[in-house]
Amino acid sequence: MASSLTKDSVTPGTPGSEKTFFGHPRGLATLFMTEMWERFSYYGMRALLPLYLVAPGGLHLSAATATAIYSVYVSLVYLLAMPGGWFGDRVWGPRRTVAVAGAVIMLGHLTLALPSSGTFYAGLGLVAIGSGLLKANISTMVGHLYEGRDDARRDGGFTVFYMGINLGAFAAPLVIGTIGENVSWHLGFALAALGMALGLAQFLLGSRHLADRSSVVPKPLSAQEKSSTLRKAAIWAVVALVFYAIVGFSGHYTLNWLLVPLTLLGVIIPVLVLTRIKRDKELDRTEQSSMSAYIWFFVAAAVFWMIYDQGGSTLSIFADSSAENTVFGWEFPVSWYQSVNPVLIMALAPVFAWVWLALNRRGKEPSTVVKFASGLILVGASFFLFLAPLSIAEGGHKAAAMWLVAIYFVQTVGELLLSPVGLSVTTKMAPAKYASQMMGVWFLAVTAGDATTGLLSIAGVDLNKTGIVALEATLAVVAGVAVWMYRNKVKELMGAVR
């Protein structure tokens, strides 16, 4: 990375003004590497998680329970992004919040590395909390590197930053997955901790290049607010402690006593947040209309992520038991499938950007609604495609690896149609009062989708059965077609936003 740092003339006062990183402020290199290593640790652990949960040498749980745990974990990561952003805004400031988050994530992975099932869920909880603290705040610090919204380098800076996400996500299963599956599960989790330690170390060493305002608490809590917040948190903590103590000492505790409340929260909280914003009487008529349109996008995104995120659970468990994981006779670890999506993102994202630009110049670029509908239809099509290897497995044969690669390919194309557009439309349609909170609201769509998958698994639904897969695929396609059919109504509600 050092070779990419060059002398350049930049605006005085810009962080790292003596050098640039690919033409961007030097602080971008710090945040790029932090995010890359954090994603390396996160996706490496996530690639191992469902396999460890079902493995005889792991926790040896059923596929349904493993999927439920995986889904609850992922939904929590995105659910906690909202309080994580709140901590950055009101308590610690983004820079300190990210430093604390890195330490919590590292501790979580080290806890997972302990050869004890008793500490395993505590480790998952720590990683989820740390990821929630880090997710919103590190993106905020990228924005702080640029002088105002009109800085021409801003969009390019975020593009470079997101490359760090995909580089980390690509490398993690190849390294952590291989060690975890072939040597030791717990050594794999320890490697994830090492990855986060490297990310945290270089963040602390390179933080001098970050913008000064990244260290500032934008809206600190007053003494009264701090006292009220601590009191409420203490009350809820005591209630939870007493409740689980009663359940535990009475001999009735099972894992579902933890999973069910968390999955219900993952569905209920997004509904409550959207309802609160929609009913806010301070919003003007245009903002109310935009929120009505946004709910369409939110529900569509929740359906999309419900299916898409099963690429790390349902598909991975299927590959472990029912796929021929070989290329030209060479067998590879199951966790390597999780590297397919990030490498496709890196390859296809520039192509999509070029296509949208070319179509826009001709006045033929599809609308946001059409892109969303297409993403939903494609993720549904990916599960219709999944029916083929499922049928092969039900016939007593191993399905070829390329079936799974094809499914990930279709899902990635769907993601490129829906996810970047969703991020963009969230910022454009956000009411002024909730401008800083709406990105957290967008993450709640992932929470809702994964929590729904968790509820299905807890209810005992086998997500690797052809009937269920066909039902999910049909739901996504029908939802996509419905969004497309009502596109003019949604456009009308969106007003001037396109």
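Residues numbered from 1 in each chain as written. Predicted model: local features only at pLDDT ≥ 70, side-chain atom pairs only at ≥ 80, totals over all residues. Heavy atoms only, no water.

1. Thoughts on the overall build of the chain
Phase 1 of the analysis: For the chain, the helix and strand inventory stands at 17 helices and seven strands.
Phase 2 of the analysis: For the chain, whose C-alpha radius of gyration is 23 Å, the value lies close to the compact-globule estimate of 23 Å for 498 residues.
Phase 3 of the analysis: The C-alpha extent of the chain, read off along each of the three principal axes, is 65 × 55 × 55 Å.
Phase 4 of the analysis: Burial analysis of the chain (498 residues in total) assigns 51% to the buried set.
Phase 5 of the analysis: Put simply, 79% of the contacts in the chain that link residues at least 6 apart link residues at least 24 apart.
Phase 6 of the analysis: A total of about 22,200 Å² of accessible surface is found on the chain, and carbon and sulfur atoms cover 66% of it.
Phase 7 of the analysis: The averaged location of the 27 negative side-chain charges in the chain is 7 Å from the averaged location of its 35 positive side-chain charges. (Helix = DSSP H or I, 4+ residues; strand = E, 2+ residues; numbered from the N terminus. Rg over C-alpha atoms; globule rule 2.2 N^0.38 Å. Buried < 20%, exposed > 50% of the residue type's maximum accessible area, 1.4 Å probe, protein only. Contact = heavy atoms within 4.5 Å. Areas by Shrake-Rupley, 256 points an atom, 1.4 Å probe, with all protein chains shown as cover. Lys, Arg positive; Asp, Glu negative; His and termini not counted. Charge placed at Lys NZ, Arg CZ, Asp CG, Glu CD.)

2. Quick notes on helix H14 (residues 401–429)
Phase 1 of the analysis: In this model H14 runs 41 Å from its N-terminal to its C-terminal C-alpha over 29 residues, within 8% of the 42 Å that 1.5 Å per residue would give.
Phase 2 of the analysis: At Glu415, H14 shows its largest kink, close to 30°. (Expected span 1.5 Å × (residues − 1). Bend = angle between axes of the 7 residues up to and from the residue.)

3. Some remarks on the environment of Leu264
Phase 1 of the analysis: Examined against the element boundaries, Leu264 turns out to sit in helix H9 (residues 256–278).
Phase 2 of the analysis: Taking the relative accessible area as the measure of exposure, Leu264 reaches 38% and is therefore partly exposed.

4. Points about the packing of helix H8 (residues 223–249) against H9
Phase 1 of the analysis: Close contact between H8 and H9 brings their axes to 12 Å; oriented N to C, the two are set at 145°. From H8, Phe243, Tyr244 and Val247 reach across to H9, where they touch Trp257, Leu258 and Pro261.
Phase 2 of the analysis: In the contact of H8 with H9, the residues fall into six nonpolar, no polar and no charged. (Axes fitted to C-alpha atoms, helices over the stretch in contact; angles between N-to-C directions. Nonpolar A, V, L, I, M, F, W, Y, C, P; charged D, E, K, R; others polar.)

5. As for the pattern of salt bridges
Phase 1 of the analysis: Within the structure shown, the criterion is met by three salt bridges.
Phase 2 of the analysis: Residues Arg90 and Glu225 are paired through a salt bridge, measuring 2.8 Å at the closest nitrogen-oxygen approach. Of the two residues, Arg90 is situated in helix H3 (residues 81–90) and Glu225 in helix H8; the sequence distance between them amounts to 135 residues.
Phase 3 of the analysis: With relative accessibility at 34%, the residue Glu225 sits in the partly exposed group. (Salt bridge = Lys/Arg side-chain N within 4 Å of Asp/Glu carboxyl O.)

6. Some points on H8
Phase 1 of the analysis: End to end, H8 covers 38 Å across 27 residues, agreeing with the expected 39 Å (1.5 Å per residue, within 8%).
Phase 2 of the analysis: Looking one or two residues beyond H8, the residue adopting positive phi is Gly251, at roughly 80°.

7. Some words on the packing of helix H12 (residues 340–361) against H14
Phase 1 of the analysis: At a closest axis distance of 9 Å, the pairing of H12 and H14 adopts a crossing angle of 40°. Classed by the angle they form, the pair H12 and H14 counts as oblique. Crossing hand, H12 versus H14: right-handed. Here H12 contributes Val340, Asn341, Leu344, Ile345, Leu348, Ala349, Phe352 and Trp356 to the contact with H14, which in turn contributes Val405, Tyr408, Phe409, Thr412, Val413, Glu415, Leu416 and Leu417.
Phase 2 of the analysis: Across the contact of H12 with H14, the residue classes break down as 13 nonpolar, two polar and one charged. (Parallel < 35°, antiparallel > 145°, perpendicular 65-115°, else oblique. Left-handed = near helix turned anticlockwise from the far one by under 90°.)

8. Here we look at the nonpolar core
Phase 1 of the analysis: In terms of nonpolar packing, the biggest core is built from 96 residues, with Met45, Tyr73, Phe120, Tyr294, Trp305, Tyr337 and Leu404 touching the most fellow members.
Phase 2 of the analysis: Tallying contributions element by element places helix H10 (residues 285–308) first for this core, with 13 residues.
Phase 3 of the analysis: Here Met45 is in contact with Tyr73, His109, Leu112, Leu124, Val127, Ile176, Phe189 and Ala192, once residues within four sequence places are set aside.
Phase 4 of the analysis: Judged by nonpolar contacts, the second largest core, of 24 residues, contains Phe21, Ala29, Val142 and Met196. (Core = buried A, V, L, I, M, F, W, Y, C linked by side-chain atoms within 4.5 Å.)

9. Things to note about the side chain of Ser131
Phase 1 of the analysis: Mapped onto the elements, Ser131 comes out in helix H5 (residues 117–144).
Phase 2 of the analysis: Look past the residues within four positions of Ser131 in its chain and what remains in contact with it is Glu38, Tyr42, Val77 and Ile105.

10. Some remarks on the packing of aromatic side chains
Phase 1 of the analysis: Summed over the entire model, instances satisfying the criterion amount to 28 aromatic pairs.
Phase 2 of the analysis: Each ring, one from Trp86 and one from Phe87, has its centre 5.4 Å from the other, and the planes form 85°; the classification is edge-to-face.
Phase 3 of the analysis: Residue Trp86 is classed as partly exposed on the basis of its relative accessible area, which comes to 30%.
Phase 4 of the analysis: A residue is classified by how much of its surface remains accessible, and Phe87, at 27% relative accessible area, is partly exposed.
Phase 5 of the analysis: Their ring planes at 40° and their centres at 6.5 Å tell us that Trp330 and Phe332 sit as a pair that is tilted.
Phase 6 of the analysis: Each residue in the set Tyr52, Phe120, Tyr121, Trp185 and Phe189 is aromatic and connected to the rest through ring pairs, giving one cluster. (Phe/Tyr/Trp six-rings, centres within 6.5 Å; stacked < 30°, edge-to-face > 60°.)

11. Focus on the environment of Phe161
Phase 1 of the analysis: Inspection of the secondary structure puts Phe161 in helix H6 (residues 154–182).
Phase 2 of the analysis: A residue is classified by how much of its surface remains accessible, and Phe161, at 0% relative accessible area, is buried.
Phase 3 of the analysis: On a C-alpha basis, the gap between Phe161 and Val303 in space is 27 Å, while along the polypeptide they are 142 residues apart.
Phase 4 of the analysis: Not counting chain neighbours up to four residues away, the residues in contact with Phe161 comprise Leu28, Leu31, Phe32, Glu35, Ile138, Ser139 and Val142.

12. Side note on a nonpolar patch on the surface
Phase 1 of the analysis: Together, Ile377, Val481, Trp484, Met485 and Tyr486 make up a nonpolar patch on the protein surface, roughly 490 Å² of accessible area in all.
Phase 2 of the analysis: Here Ile377 shows up in helix H13 (residues 368–394).
Phase 3 of the analysis: Given a relative accessible area of 32%, Ile377 falls into the partly exposed group. (Patch = residues over 30% accessible without salt bridge, like charges linked within 9 Å, V, L, I, M, F, W, Y side chains within 5 Å.)

13. What about the side chain of Arg90?
Phase 1 of the analysis: You can call Arg90 buried: its relative accessible area is 14%.
Phase 2 of the analysis: In this structure the side chain of Arg90 is engaged in a polar contact, spanning 2.8 Å, whose partner is the side chain of Glu225.
Phase 3 of the analysis: In this view, Arg90 contacts Val217, Lys219, Pro220, Leu221 and Glu225; residues no more than four positions away in its chain are not counted. (Polar contact = N/O pair within 3.5 Å; in protein donor to acceptor, adjacent residues only side chain to side chain.)

14. Some words on the confidence of the model for the chain
Phase 1 of the analysis: Averaged over every residue, the pLDDT of the chain is 88; the share at 70 or more is 93%.
Phase 2 of the analysis: Low confidence marks residues 1–17, where pLDDT is under 50. Its contacts with residues over four positions away, or in another chain, come to 33 contacts. (pLDDT = per-residue confidence, 0-100.)

15. Regarding unusual backbone geometry
Phase 1 of the analysis: You will see that His60, though not glycine, has its phi angle at about 55°, which is positive.
Phase 2 of the analysis: Summarising the element assignment, His60 is placed in the loop between helix H1 (27–54) and helix H2 (63–79).

16. Some remarks on the environment of Arg90
Phase 1 of the analysis: When the C-alpha atoms of Arg90 and Phe189 are compared, they prove to be 33 Å apart, with 99 residues separating the residues in sequence.
Phase 2 of the analysis: Engagement of the side chain of Arg90 in a polar contact is seen with the backbone oxygen of Lys219, the distance being 2.4 Å.

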